[in-house]
Amino acid sequence: MQNTPAHLELVRPDDWHLHLRDGPALAAVLADTAKRFARAIVMPNLKPPVTTVALADAYRQRILAALPAGAEFNPLMTLYLTETTESNEIDAAVASEFVHAVKYYPAGATTNSAAGVSDLKNCTATLARMEKLGLPLLVHGEVTDTAVDIFDREAVFIDTVLSPLRRDFPALKLVLEHITTRQGVDFVMAQDNHVAGTLTAHHLLLNRNALFAGGLRPHNYCLPVLKRETHRQALLAAATSGNPKFFLGTDSAPHAKSTKEAACGCAGCYTANACIELYAQAFDAVGALDRLEGFASFYGADFYDLPRNTTQITLVRESWQIPAALPYLANDPLVPFMAGESILWRLQD
Ligand code: DOR
Ligand code: ZN
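Because the structure is a prediction, the values reported are computed rather than measured. (Residues numbered from 1 in each chain as written. Chains lettered and ligands numbered in written order. Predicted model: local features only at pLDDT ≥ 70, side-chain atom pairs only at ≥ 80, totals over all residues. Heavy atoms only, no water.)

A. Representation of the coordination of the zinc ion (ligand 2) within the structure. The zinc ion (ligand 2) binds to the protein through H17 (NE2), H19 (NE2) and D251 (OD), with metal-donor distances spanning 2.1 Å. Between consecutive donors of the zinc ion (ligand 2), the numbers of intervening residues give the motif H-x1-H-x231-D. A residue pair is termed long-range when its members are at least 10 positions apart, and H19 in the loop between β2 (15–18) and α1 (23–36) and D251 in the loop between β9 (246–248) and α9 (257–260) qualify at 232 residues. Of the two residues, H19 and D251, neither departs from the other in class, the shared state being buried. (Donors = N, O, S within 2.8 Å, 3.2 Å for Na, K, Ca; no water. Helix = DSSP H or I, 4+ residues; strand = E, 2+ residues; numbered from the N terminus. Buried < 20%, exposed > 50% of the residue type's maximum accessible area, 1.4 Å probe, protein only.)

B. Region of interest: the environment of I150. Checked against the element boundaries, I150 lands in the loop between β6 (137–139) and α5 (153–168). Judged by its relative accessible area of 29%, I150 falls in the partly exposed class. With 78 residues separating them along the chain, I150 and R228 place their C-alpha atoms 12 Å apart. In this structure, I150 is in contact with E142, L223, V225 and K227, ignoring residues within four places of it in sequence. (Contact = heavy atoms within 4.5 Å.)

C. Representation of unusual backbone geometry in the model. Note the cis peptide between K47 and P48, where omega equals -5°. Tracing the backbone shows P48 in the loop between β3 (39–42) and α2 (53–66). Looking along the chain, the bond that leaves L223 and enters P224 is cis, with omega of -5°. Mapping P224 onto the fold places it in the loop between α7 (201–205) and α8 (229–239).

D. Molecular detail of the pattern of salt bridges. Using the criterion set out here, one finds 14 salt bridges in the structure. Among the ionic pairs, R182 bridges to D186, the shortest N-O distance being 3.5 Å. Remark: D186 and R182 occur in helix α6 (residues 182–190); sequence separation between them is four residues, near one turn of the helix. Classification of R182 by relative accessible area gives partly exposed; the value is 43%. With a relative accessible area of 36%, D186 lands in the partly exposed category. The closest approach of N and O atoms between D302 and R308, which form a salt bridge, is 2.7 Å. By relative accessible area, which is 34% here, D302 ends up partly exposed. (Salt bridge = Lys/Arg side-chain N within 4 Å of Asp/Glu carboxyl O.)

E. Focus on the sheet that holds strand β1 (residues 7–11). Spatial strand order, β1-β10-β13: three strands in an open sheet with antiparallel pairing. The sheet is open, and its two borders are formed by β1 and β13 (342–347), each paired with just one other strand. The average undirected angle you get between the axes of adjacent strands in this sheet is 35°. Judged from the five bridges that link them, strand β10 (residues 312–321) and β13 form a sheet pairing that is antiparallel. Within β13, the position partnered with W320 by the bridge is I343. Most of the contacts of helix α10 (residues 275–285) go to β13, to which it runs at about 115°, and overall it touches β1, β10 and β13. (Pairing = 2+ DSSP bridges. Axes fitted to C-alpha atoms, helices over the stretch in contact; angles between N-to-C directions.)

F. Region of interest: the site of ligand 1. Around ligand 1, 13 residues are found, and the nearest of them are R21, N45, L223, H255 and A267. Between ligand 1 and the protein, one listed contact pairs an oxygen atom with a side-chain N or O atom of R21 at 2.8 Å. For ligand 1, the accessible surface in isolation is 290 Å², of which the surrounding protein chains cover 100%. When grouped by side-chain class, the residues that make up the shell around ligand 1 number four nonpolar, seven polar and two charged. (Near = heavy atom within 4 Å. Polar contact = N/O pair within 3.5 Å; in protein donor to acceptor, adjacent residues only side chain to side chain. Areas by Shrake-Rupley, 256 points an atom, 1.4 Å probe, with all protein chains shown as cover. Nonpolar A, V, L, I, M, F, W, Y, C, P; charged D, E, K, R; others polar.)

G. Region of interest: the packing of α10 against helix α11 (residues 292–303). Axis separation between α10 and α11 bottoms out at 10 Å; the angle between their running directions is 145°. Between α10, through I276, Y279, A280 and F283, and α11, the contact on the second element is made entirely by L292, F295 and A296. Per-class residue counts for the contact of α10 with α11 are seven nonpolar, no polar and no charged.

H. How the structure looks around the side chain of H178. Along the chain, H178 turns up in the loop between β7 (174–176) and α6. One polar contact links H178 to H140, side chain to side chain, over a distance of 3.4 Å. If near-sequence neighbours (up to four positions away) are discounted, H178 is found in contact with H17, K103, H140, E154, T198, T200, L223, P224 and D251.

I. Local environment of the environment of G141. Secondary-structure assignment places G141 in the loop between β6 and α5. Overall, G141 belongs to the buried group, its relative accessible area being 2%. Considering only alpha carbons, one finds G141 and L223, 82 residues apart in sequence, at a separation of 9.9 Å. The residues contacting G141, other than those within four sequence positions of it, are R153, E154, F157 and L176.

So, in structure tokens, the structure goes:
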């Protein structure tokens, strides 16, 4: 690896896992992503969830309408899998050309997942259709059994849900989203080309100590929850390995300050305002900046059979401070990840 460069030019990256919300929240956050990324896979966990192609189309139009003038950003839509999703909805999704995946939330696993799937056996016909047509399944990989320790829920999910799913649908394209454990990394590496995984910037930068550093830190709380340092090391090794099965998915998930700093605070870290910069920081820390472009700009597009982007962004090695808060809802701001802290890389305008 060469000495750390002062400038880093990258083909414009894409975000393969993003929460944009709706209405005023959407209007507040969208520009942060559109400034950095050419495309993003947009999560469907709205209230009510985006369960049909018609709902995805309407949501996509609202996103396009909220874009700042001149922005070139393509939202890639997803459908929210339920136990009543019909196979013909999969046909319509593939025909639409704007729905690129289906999201599987185990019911109750996270924010707005109540309408998710309790038993995948009830989705057999739908999954078979996706397997046949090549529409990827995006997986929130955690069991919801409260008897399972929260730090073990990803590993238990891999053994009890994901491995059987792979056996039953070997040609189903599948992304294990926001991997947080060594077991998740090992699982993806052991599979064929139908399987990939995304990694967030916050899971690359922090371990679970950050939840309790000098007191309870609600802005570091997300799901799957941060894990111990050995797992973070495994994620960082995977991200910087140059293995195309691992690519960028921020899982940037805005929640208003009052709902994070609460007796029962919401899960989600807002990283979109500095996200490619945060990944650069994580890669820089292990001398792997030369691996960032593949991870951020190439491997996801290749997995989704989409063309790679052709324009570029430039990052400059120049410290700046992440704001303490950002405008979000009327009288309720958004506290970004690493609020008030310095970050080493800046996006050149
Ligand atoms: O931390 C999270 N926040 N994890 C998720 O899976 C959902 C997300 C959200 O929508 O807020
Ligand atoms: Zn998410």
